[in-house]
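Examination of the molecular architecture
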Amino acid sequence: MSWTDKIFNYCERGGDAGFWAEPVNALTNGAFLVAAALALVHLARSDQPRTSDRVVAMLLAVLVGIIGIGSFLFHTYAERWSALADTAPIGLFMFVYLAVALRTFLRLPYVLVALGLGLFYLASAYALRLRCEGGPCLNGSVGYLPAFGAMLLVGVLALPLRVRGAGLLPVAALVFALSLAARTLDLAHCPQLVVGGYRLGSHFLWHLMNALTLYLLLLARIRASERVAGRADDPIASPGGSSR
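Let me sum up the structure you'll find in this document. It should be emphasised that the depicted structure is a prediction, and the values quoted were computed from it without experimental measurement.

1. Re the state of the cysteines
The final tally for this structure, using the stated rule, is two disulfides. Disulfide pairing places Cys11 opposite Cys190 at an S-S distance of 2.0 Å. Taking the sign of the torsion about the S-S bond as the criterion, the disulfide between Cys11 and Cys190, at about 70°, is right-handed. Of the two residues, Cys11 is situated in the segment before α1 (23-27) and Cys190 in the loop between α7 (168-188) and β3 (194-195); the sequence distance between them amounts to 179 residues. When sorted by exposure, Cys11 lands in the same class as Cys190, which is buried. The disulfide that involves Cys132 links it to Cys137, with 1.9 Å between the sulfurs. Across the disulfide from Cys132 to Cys137, rotation about the S-S bond amounts to roughly 90°, and the bridge is consequently right-handed. Residue class for Cys132 comes out partly exposed when judged on its relative accessible area of 40%. Indicated for the protein chain is the disulfide connectivity 1-4, 2-3, based on numbering the bonded cysteines in sequence order.

Here it is, written out as structure tokens:
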């Protein structure tokens, strides 16, 4: 098994090993760069009392941009090394954002954040090992179900705490559910996903809706740490703080 082995997992590519065999899948990764740029613009215009909050939001936005670059490499080179360039930033973002979300939106102490990350790792590892009829379940989308569950659960649990931006998390989860559906349908229903004689597939919708999902998550984090009513010591800006 070589790092340059070709991967043919997408409807648009079919059996073509060429660099531009997936032009739509490749170019729609630009949506991640747009999402990251828009988040950085919003961050620049927001009032963030704590420098650490601004740095965290900036790093998350940069990571979203890296996700787009990694996915572009995968849908052009379509080799094992580029598959790692695609999945590694996604996995890193999921764990980092979950840690940030547990602190920011649920105001959990670090020990419970670590416990939450451990449970998420176990759920993700189990989901990735699931096999249906000899292959990955739901065209591999089952591996993302723990992320969907975490997003929805944190969003719902945070609503009674009235943390700014928390309401965007369930919305992001809904968009992500649609994104997962598009990813799942791509290869299994490829014969039905032909437009004008071109084998388009539906994976490109996964990119577009994922970019929207990540933008909503970034926006939620930025809003959570914004200054409220001119107060720099607002408990929302400092996870775990208490009202005076």
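2. Things to note about the nonpolar core
Ranked by size, the top nonpolar core spans 50 residues in total, and within it Val64, Phe93, Tyr97, Phe105, Val154 and Leu217 carry the most contacts. Listing elements by their share of this core, those giving two or more residues are α2 (30-45), α3 (51-77), α4 (80-104), α5 (110-129), α6 (145-158), α7 and α8 (203-224). At eleven residues, α8 tops the list of elements feeding residues into this core. The residues touching Phe105, leaving out its near neighbours within four places in the chain, are Tyr97, Val154, Ala158, Leu161, Val163, Arg164, Gly165, Ala166, Leu169, Ala220, Arg221 and Ala224.

3. What to know about the packing of aromatic side chains
Counted by the stated rule, this structure contains ten aromatic pairs. The interplanar angle of 20° and the centroid separation of 5.6 Å between the aromatic rings of Phe93 and Tyr97 together place this pair among those described as stacked. Within this pair, Phe93 and its partner Tyr97 are both found in helix α4, separated by four residues, close to a single helical turn. Each member of the pair Phe93 and Tyr97 is classed as buried. Ring geometry for Phe176 versus Trp206: centroids 6.0 Å apart, planes at 40°, classification tilted. Placement of Phe176 in helix α7 and of Trp206 in helix α8 is noted, with a sequence separation of 30 residues between them. Both residues of the pair, Phe176 and Trp206, belong to the buried class. Members of the aromatic cluster, connected to one another through ring pairs, are Phe19, Trp20, Phe72, Tyr77 and Trp81.

Rules behind the numbers
Residues numbered from 1 in each chain as written. Predicted model: local features only at pLDDT ≥ 70, side-chain atom pairs only at ≥ 80, totals over all residues. Heavy atoms only, no water. Disulfide = S-S within 2.5 Å. Helix = DSSP H or I, 4+ residues; strand = E, 2+ residues; numbered from the N terminus. Buried < 20%, exposed > 50% of the residue type's maximum accessible area, 1.4 Å probe, protein only. Core = buried A, V, L, I, M, F, W, Y, C linked by side-chain atoms within 4.5 Å. Contact = heavy atoms within 4.5 Å. Phe/Tyr/Trp six-rings, centres within 6.5 Å; stacked < 30°, edge-to-face > 60°.

That is the geometry; function is a separate question.
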